[in-house]
Structures are given as C-alpha cells and as structure tokens.
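# Topology and contacts: notes
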Amino acid sequence: MRTSIDIFAKVRDHERGPVLAAARQADVVPYFHLLTSPALPVVQMEGAERIMLGSNNYLGLTGDERVLKGAEDALHRFGTGLTGSRLLNGTIPLHLELEQELARWMGTEEALVFSTGHQANLGALATLLGPGDTVIVDSGNHASILDGCVLSRAKLRPFRHNRLEKLEKMLERAQGDGGGVLVAVDGVFSMEGDIAPLGDICELCERYGARLLVDEAHGAGVLGACGAGTAELLGVADRVDLRVGTFSKSLASCGGYVAGPHEVIDYLRIYARSFLFTASGVPAALGAALGALRVVESEQGRVLLVRVLDNARRLRDGLQERGFAVVAPQRLPEDGSVQAHAPGVHEDAGGHTIVTPIVPVLVGDDWKAALLWRALYDAGVFVNTALHPAVPPGGALLRTSVMATHDDATLDRALEIFARVKSAFEAEHGPLPAAIRA
Ligand SMILES: Cc1ncc(COP(=O)(O)O)c(C=O)c1O
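The following refers to the structure shown. (Residues numbered from 1 in each chain as written. Predicted model: local features only at pLDDT ≥ 70, side-chain atom pairs only at ≥ 80, totals over all residues.)

As a further point, take the sheet that holds strand β13 (residues 358–364). One open sheet accounts for five strands, arranged β1-β2-β14-β15-β13; its pairing is mixed. Where the open sheet ends on each side, the last strands, each with one partner, are β1 (42–45) and β13. On average, adjacent strands in this sheet sit at an angle of 40° to one another, irrespective of strand direction. Looking at chain direction, strand β2 (residues 48–53) and strand β14 (residues 381–386) are connected through three bridges and run parallel. Paired with Met-52 across the strands is Phe-382, a residue of β14. Together, β2, β13, β14 and β15 (396–401) form the strand contacts of helix α14 (residues 366–379), whose direction differs from that of β14 by roughly 165°. Sheet contacts for helix α15 (residues 408–429): β1, β2 and β14; angle to β2, the most-contacted strand, approximately 100°. (Pairing = 2+ DSSP bridges. Helix = DSSP H or I, 4+ residues; strand = E, 2+ residues; numbered from the N terminus. Axes fitted to C-alpha atoms, helices over the stretch in contact; angles between N-to-C directions. Contact = placed C-beta atoms within 7 Å.)

This is the structure in structure tokens:
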C-alpha cells in the first residue's frame, strides 16, 4: 500500500505562492537582497550604495576594531569551529568568561550561552514548561518564544499586544489550568519597537504567583544606564525571573543566552535540548560578543547608548515631520521606578519618554508596503518590510532602525529621500497613512 499524498504537494500550491509570484513579477520582493559589505550605516547592496536603516547592529559594533580583534584572537586561538556541543567537547574559556560577564551585566546569579537567541528561547521555554503548565504570551512576541512554547506542549494563552487587562484575564484563567504558570514577553518588541510595561507585568505575575521571562534581544545593549535592557530601564531587573538575550543585535555577533538564578541555569545546562544537541557557537562569534560586551561596559558604552537613542529620536521626529505615520515617543511610568537619567530618556511637560532604535512606519496595505520599500531601495535607503503574518492583517509596516554610528548627515539624507519618495509614491498610488498611533 502506497500513500497517495505527496508531502511535497504543498510546496507547489501554498497560500503565499500567488502573492510571491506577483511580487516577483513586479520586482518588489523586499527579502533576500544581497549585502556585499559589512552592516555599517551605509552599505553596498546589489551594485549600489544604500543607507542602512534595516540592521539590528544598534551600537554599530560589527566593524569596531576591538570587536574585530576579539573575533580574530578567538579564531586564531581556538580555530574555525568547535565541532561539537557544549556538553561534550565544545566549551572553551570564552564561554565561561562570557557567562560570567553576562550574569554580572544582567545582575543575575548565572547565565548560559547558547548558539543562537532562538535556541536560548527554545531551551528556556521547552525545558522549564511541560504539558501540565500554562504559558501566557504577548501576541507581539518573537517567533522563537512561540516556538519554545509549542515545543513545551504547555497550554498557550496569548493576550493582545501590551494589553494588561487581557494579561490579567489570562492569569485568572490560568489559575484553573492546574499547573505552573509562566508569562513570557519581549522587552522591546521587534517589529513595533515599543516596550513592555514590565512594572505592571511584574506586579500581576507576583499577584498571581506566575514566573516571568523577558526576551531582551532588542533591549539589551540599548536601554538602561548600563545598557542591560528594558528590565533595567524600568527598574524591575530583580523582579524578572529569567532574561533571554542574543548576540545578534547590539553585541554584533551571533549567539544567545539565558540569565537567571543558579538553580535554573544549572538545570538548563543538563536538560535544555537546544543547548545539548547542537554545536557550540564558533570561537570568532564568542570572541566578538565578548569584545562587544566589554565596549558596552566601558565608558564609551554610555556614549554609544546615548547616540543610538538620539538617532532614533532624530529619525522618528524627522519621519513625523515629513508626514509619515510613526508612533509617538513612548511614555514611561512616573512611579519613581524608571531610571530617569538613563540614556535616551527625555522629559517634557507630560513626563518621561523613550524612543527605541526600532522606528516602524505604518503603511497598512501589504502591496503598498512592498511598493514603497522598492521605491526607497531604488532611491538609496534600505529598510525592512513587515507584512502579514509578521504583523496583523492591514498592519504592514516598514521597520526602520538606527545605529549609534549613523551620523546626522546620513540620517538627514535618508529623511530627504523618504520625503522625495513619498510625494512621488502618493502621486501614483494614493495617500499613505498619516495618523500617529497613540
Ligand atoms: C525578540 C527576539 N528574540 C529572539 C531572537 C532570536 O535571536 P537570534 O537571532 O540570536 O536567534 C530575535 C532575533 O531575531 C528577536 O528579535
């Protein structure tokens, strides 16, 4: 007996097929464009110079001499690869140094280095949660959190992005589920660029006896006086149970980590399958991450944090002035918990605000977003495009992001290009959304 169903059939007939074919025909596919230079403020892509407003290299450290030297030294000392898992033959002194420095940075007892941030989320979530437990997640969380939850087979209870009353409802419901409860949220949301109200979330978790995991992928190396992330900025680092991070953004490399109490890290070290059954990160990646972390912790770290957050405001304000739909600076709680003197925190009549380096421009329609992306690309600016299902239907956006190493002239040039492209685009395709979401 042979099955009549070919599992390859779906690759010929799937829901994204027709849209992709049309986008290819119109030459507006915003993905997989070739970068032929380092991820610096201005890059070479497909034969032309483009201003890079689509990188997660927030501190601009991928080309920093100290980070390059960290990678180079590690490469020459330990070779090109470790060819095995951390457990058996892939742990080198750089792992231990990194783990110690990360734990100190995060203010936790310990940290565990994974080969990627995705694997760090899988490891923490799928190992600590089991079929009898409940995990409550923000709908805007990164895919790797969702993947970890699915793998754990815990009951998944999502809530509307940053809606605390919905989170509370889920915490109430979880009381009847019968197992342990974990809330998992991004500190800075990767597409929206807004931050989670961690003070309120901590309070709710404490009230309902739930543990809290915060993914600091876009917060660490960006927010807080020491750049330790959203939990630091919001003054709740000691109330967050676990913090996950990545080396693939501010730390200018590749790899990830979970930081938390000794007993949990020790448990993950012997049970987390995404830690045990994969090769250790390459030495150069570890050396670069360690080099970058040391820059963040040095005196120059603060200069870079100030710079990247000032750049974010400059870009956000400039886009708003030119009529683009960008979010307002985010208001921070005024309960005395926030680090009001941390880099990037501004004070006005209404209180304190922050603009993270992720500045989304709302477009709405997927097709329009792809067309606008193309027009900007042709005019010399590269941005990221988030279409459904990465964002809710009708919520297509261009995700712009800045680096500490963008200078004012480059950002102003990008803004001029945005303005020029906008008028030509609207003349041909109709108006872009102008409203500012609160
Ligand atoms: C919020 C968030 N968490 C986790 C990850 C995964 O990190 P990595 O790229 O190291 O796998 C990312 C990266 O895209 C992210 O944006």
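So, next bit.
Axes are the key here: two packed helices are described by the angle between their axes and the distance separating the axes. The geometry of helix α13 (residues 299–321) relative to α15 is characterised by a closest axis approach of 10 Å and an angle of 20° between their N-to-C directions. When the axis of α13 is compared with that of α15, the two are roughly parallel. The two elements α13 and α15 cross, and the hand of that crossing is right-handed. Side by side, α13 and α15 meet where Asn-311, Arg-314, Leu-315, Gly-318 and Leu-319 of the first sit next to Leu-411, Leu-415 and Phe-418 of the second. Split by residue class, the contact of α13 with α15 holds five nonpolar, two polar and one charged. (Parallel < 35°, antiparallel > 145°, perpendicular 65-115°, else oblique. Left-handed = near helix turned anticlockwise from the far one by under 90°. Nonpolar A, V, L, I, M, F, W, Y, C, P; charged D, E, K, R; others polar.)

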